[in-house]
Structure formats: structure tokens, C-alpha cells
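Descriptive structure summary
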Amino acid sequence: MIEFTHVRKWYGHYQALDDVTERVGQGEVVVVCGPSGSGKSTLIRTINRLEAIQAGTITVDGTDVNNRQINVNKLRSRIGFVFQQFNLFPHLSVQENIALAPVNVLHRDRREASSRALELLDKVGLAHKAQAYPAQLSGGQQQRVAIARALAMDPPVMLFDEPTSALDPEMVGEVLQVMKQLAKDGMTMVCVTHEMGFAREVADRVWFMADGQVLERADPTSFFQSPVHPRAQKFVADIRSP
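Residues numbered from 1 in each chain as written. Predicted model: local features only at pLDDT ≥ 70, side-chain atom pairs only at ≥ 80, totals over all residues. Heavy atoms only, no water.

1. Description of the pattern of salt bridges
- Taken as a whole and judged by the stated rule, the model has 15 salt bridges.
- The residue aspartate 19 makes a salt bridge to arginine 8 at a minimum N-O spacing of 3.7 Å. In this pair, aspartate 19 is assigned in strand β2 (residues 14-24) and arginine 8 in strand β1 (residues 2-11), connecting sequence segments 11 residues apart.
- Residue arginine 8 is classed as partly exposed on the basis of its relative accessible area, which comes to 27%.
- Across the pair arginine 217 and glutamate 22 runs a salt bridge, and its minimum N-O distance is 2.5 Å. Here arginine 217, found in strand β10 (residues 213-218), pairs with glutamate 22, found in strand β2; they are 195 residues apart in sequence, far enough to count as distant.
- Counted as one network, the salt bridges with shared partners bring together Arg108, Arg116, Glu119 and Asp154. (Salt bridge = Lys/Arg side-chain N within 4 Å of Asp/Glu carboxyl O. Helix = DSSP H or I, 4+ residues; strand = E, 2+ residues; numbered from the N terminus. Buried < 20%, exposed > 50% of the residue type's maximum accessible area, 1.4 Å probe, protein only.)

In C-alpha cells form, the structure reads like this:
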């Protein structure tokens, strides 16, 4: 579903991604972890061209993301993205936030889009908040609405960039629960997260990044019990120590 081939990315003289070659299969859940500044968020943002790359190729469902001929907005409409900040429109109700893009981008019937928004709100446990405004919701509820909004475009791929890092600890679980259900439903997912419990429980594979490179890729059991790369060993040891 997603393929990186010799991907490199610079910010001026700083190399953020260094020769990344990886694949994500259809229906696979990949968790990307690593220390701050390792290139995790940059990597995930290259998938829908929020960040341009200087070398290599990235394909999503067979489409070359960096081909100058493609319609970037159309590409992004097929890749769900959930950010750290919720980015909901404050002047629209929850239901209107979710129905907006299907109506304006996919040109769906307004009533059909509103009905689908209610279904998705039910899926994330917020059907009773359909007419509420973002400011009336907790952070965890807003993030669940943001997930429902991304799902409204029926994307084959969902990307999560530290979706729980802006939340109070008691709200983290409700967002992770929705993500777990998506994984069970067979959604292709790439998640940058510090929630290692989620990685253990849900990921098919864990990618460990440092200095712009994927230094280790393994199933969760292997990664957390017997990491191979010295940097990965230190990372796991630091997680275990109080």
C-alpha cells in the first residue's frame, strides 16, 4: 500500500531522512517510534506530500506521491491524516465538521454526508455529541471527531502523527480504543506514537528511527524483548526504567 524507496529529505544542511526504504502492506498497522528529532513526523508527513522529498520515491496504492503531474488535493483526499492538534472548524458543529469534505471535495449529497457523519460518530462513541461545537468537547472527544472526519473520506490509508500527545492522560485511552478498532477492521495504518502499550498490542510491525534512518523493523514481541540495534536496545531499556 505504501512504499518508500531510497527517500532522502533535507532542511537546509540538516538531513531529516537518510535513505529510507520500507514497505507497508495493505491492512498492516505500522508503529513508528524513536527519540525526538529522529525523523518520525517528517517521514509520515512525506506520505501525503505535506513535506516534499529531495531524493527517492514514495508510492501510495500505486501512485507516485511526488509526481509533479498529480493533483495533490486529490491525493490527500484519499489519505486520512490525524494530527496532534485536532484542527476542527470551531464555527461548525461536530456533524458539520465531518460532512464538510465529503460534500465539498467528493461532491456527495449533503443529506447522505450528514447521515454518514452520524454513523461515524456512533463508531467513535460520540453520536450524542453530533450537534455540539468543538469548544464544548474534551480533547479526547475532539480527537475522536478528527478521526471520524478523516474516515468520512473513505481513505484506504490512515496516518496518525502523535494523536495522543496533546491529550491529558485520562483521555488517551479513549482515542487509542478507536484506533484499535480501526486496526481490527483491517485499516492500513501508520502511527507515530509514544504509546508503547498500543504498539505492543496493535502493531503488526514496529519501525525504530534515529538520525533520519529506520534502524530496526520487527514485530512488537521481538522489538520489545530482544531489539538488535544498539540504539534500539537503549531506547527499549529507557522505556523499561522508571
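2. As for unusual backbone geometry
- Phi is positive for asparagine 87, which is not a glycine, with a value near 55°.
- The topology assignment puts asparagine 87 in the loop between β6 (79-82) and α3 (94-104).
- Despite not being glycine, aspartate 211 has its phi angle at roughly 55°, a positive value.
- Within the secondary structure, aspartate 211 is located in the loop between β9 (205-210) and β10.

3. Things to note about the environment of arginine 205
- When you line up the elements, arginine 205 lands in strand β9.
- Along the chain, arginine 205 and glutamate 28 lie 177 residues apart, while their C-alpha atoms are 8.0 Å from each other.
- When neighbours within four sequence positions are excluded, arginine 205 is seen to be in contact with Arg23, Val24, Glu28, Val29, Val30, Val31, Arg217, Ala218 and Asp219. (Contact = heavy atoms within 4.5 Å.)

4. A word on the nonpolar core
- Residues Ile98, Ile147, Met158, Phe160, Met179, Met189 and Phe223 are the most contacted members of the largest nonpolar core, which totals 52 residues.
- Considering every element that reaches this core, the biggest residue donor is helix α6 (residues 169-184), with eight residues.
- Beyond its immediate chain neighbours, meaning those up to four positions away, isoleucine 147 contacts Val82, Met158, Phe160, Val175, Val178, Met179 and Leu182.
- Residues Ile2, Val157, Trp207 and Met209 belong to the second largest nonpolar core, which totals 25 residues. (Core = buried A, V, L, I, M, F, W, Y, C linked by side-chain atoms within 4.5 Å.)

5. Quick notes on the sheet that holds β6
- Strands sit in the order β6-β7-β8-β3-β9-β10 across an open sheet of six strands; the sheet is mixed. Lying at the two open borders of the sheet, with one neighbouring strand each, are β6 and β10. Shown here is a sheet whose adjacent strand axes are inclined to one another by a mean of 20°, direction ignored.
- As paired strands, β6 and strand β7 (residues 157-161) are joined by four bridges and run parallel to one another. Looking across to β7, one finds that phenylalanine 81 is bridged to leucine 159.
- Contacts from α6 reach β3 (29-33), β7 and β8 (188-192) within the one sheet, and its direction differs from that of β8 by about 145°.
- Packed on one face of the sheet, helix α9 (residues 230-240) meets β3, β9 and β10 and runs near 105° to β9. (Pairing = 2+ DSSP bridges. Axes fitted to C-alpha atoms, helices over the stretch in contact; angles between N-to-C directions.)

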